[in-house]
Amino acid sequence: MKRPIRVLVAKVGLDGHDRGAKVIATALRDAGMEVIYTGLRQTPEMVVNAALQEDVDAIGISILSGAHNTVFPKVINLMKEKGMDDVLLTGGGIIPDEDIEELNKIGVGKLFHPGTNTHEIADYISNWVKEHRNF
Ligand code: B12
């Protein structure tokens, strides 16, 4: 690859569960990716604007608060509005399987449960980006 994969890791909502986001940000950096971590309490608009400005290959959202069915559709719709069709939206946290299925149907990528090995997540992002983005 000519350049490292760029990923925006974001925490949307008002809760303070940032451990998973920080673990993922560190794991993706260790896997050789360039990671921008937004910090806590971002809105979908802030996340998508930051992703556009930073020209990322993937957006990763961490959600443990239960707000996934509100947040992911908002983010994917904003991405579509801005023409970010070749950017991956992925994430993880406390998200039931039936909700993951519905979110996948509207274009959200894989969502990972607690306990997922971080290598699996890094491999998924890396393979998706190689397949869908022009390097
Ligand atoms: C630690 C913890 C806390 C800590 C948070 C510390 C911190 N700085 O993060 C503290 C004590 C502050 C806390 C507080 C609260 N918590 Co809490 N907390 C937890 C707990 C026990 C573990 C979360 C954790 O850190 N796991 C370790 C990390 C590494 O794992 P992870 O985030 O799941 O990440 C993995 C995957 O999910 C995935 N992933 C996660 N993010 C991302 C992002 C991307 C991009 C990708 C690809 C993958 C990915 O990959 C990671 C690696 O495998 C969970 C229960 C649980 N079993 O998850 C409850 C839990 C999340 N908390 C809960 C609640 C209710 C609260 C409180 C509201 C309790 C209260 N009444 O006060 C408060 C909220 C306070 C606040 N202001 O936000 C609930 C949420 C319920 C819900 N979703 O409906 C849970 C599920 C407990 C429960 N069973 O009820 N909590």
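Structure: see above.
Computed from a predicted model, the values in this text were never measured in an experiment.

What follows is about the site of the ligand. Lining the immediate surroundings of the ligand are 28 residues, of which Asp15, Gly20, Gly60, Ser62 and Gly92 lie closest. Secondary-structure elements contributing two or more residues to the shell around the ligand are α1 (19–30), β3 (58–63), β4 (88–93) and α5 (118–132). Broken down by element, the residue count for the shell around the ligand peaks at five residues, all from α1. When grouped by side-chain class, the residues that make up the shell around the ligand number 10 nonpolar, 15 polar and three charged.

This paragraph deals with helix α2 (residues 44–54). Taken together, the buried positions of α2 are occupied by Pro44, Val47, Val48 and Ala51. Around the axis of α2, the buried residues are gathered within 90 degrees of arc, so they sit on the same side. In α2, those exposed residues whose orientation departs by more than 90 degrees from the buried face are Glu45 and Gln53. Buried residues in α2 make contact with β1 (6–11), β3 and α3 (68–81). Count one or two residues on from α2 and you reach Asp55, which has phi positive near 50 degrees.

This brings us to the pairing of strand β2 (residues 34–37). On β2, burial follows the alternation: Val35 and Tyr37 on one face are buried, whereas Glu34 and Ile36 on the facing-out side are not. Examined bridge by bridge, β1 and β2 share four bridges and lie parallel to one another. Bridging from a neighbouring strand, Val7 pairs with Val35 of β2.

What follows covers the nonpolar core. Counting residues in hydrophobic clusters, the biggest one holds 39 residues, and the most contacted among them are Val7, Val9, Ile59, Val75 and Ile125. Of the residues forming this core, the biggest block, five residues, is contributed by α3. Not counting chain neighbours up to four residues away, the residues in contact with Val9 comprise Ala21, Ile24, Ala25, Val35, Tyr37 and Gly60.

This paragraph deals with the packing of α1 against α5. In the contact formed by α1 and α5, the axes pass within 10 Å of each other and the chain directions differ by 65 degrees. The element α1 and its partner α5 pack so that their crossing is right-handed. Note on element contacts: α5 touches α1 through Thr118, Ile121, Ala122 and Ile125, opposite Val23, Ile24, Ala27 and Leu28. Split into classes, the residues belonging to the contact of α1 with α5 amount to seven nonpolar, one polar and no charged.

Let us now look at the sheet that holds β1. Pairing in this open sheet of five strands is parallel, and the strands run β2-β1-β3-β4-β5 from one edge to the other. Each edge of the open sheet is held by one strand with a lone partner, namely β2 and β5 (111–112). Pairing between β4 and β5: two bridges, direction parallel. Across the sheet, the residue bridging to Gly92 is Phe112, located in β5. Most of the contacts of α3 go to β3, to which it runs at about 165 degrees, and overall it touches β3 and β4.

The rules behind each value
Residues numbered from 1 in each chain as written. Predicted model: local features only at pLDDT ≥ 70, side-chain atom pairs only at ≥ 80, totals over all residues. Near = placed C-beta within 6 Å. Helix = DSSP H or I, 4+ residues; strand = E, 2+ residues; numbered from the N terminus. Nonpolar A, V, L, I, M, F, W, Y, C, P; charged D, E, K, R; others polar. Buried ≥ 20, exposed ≤ 12 C-beta atoms within 10 Å, placed from the backbone. Arc of directions from axis to C-beta. Contact = placed C-beta atoms within 7 Å. Pairing = 2+ DSSP bridges. Core = buried A, V, L, I, M, F, W, Y, C linked by C-beta atoms within 7 Å. Axes fitted to C-alpha atoms, helices over the stretch in contact; angles between N-to-C directions. Left-handed = near helix turned anticlockwise from the far one by under 90°.

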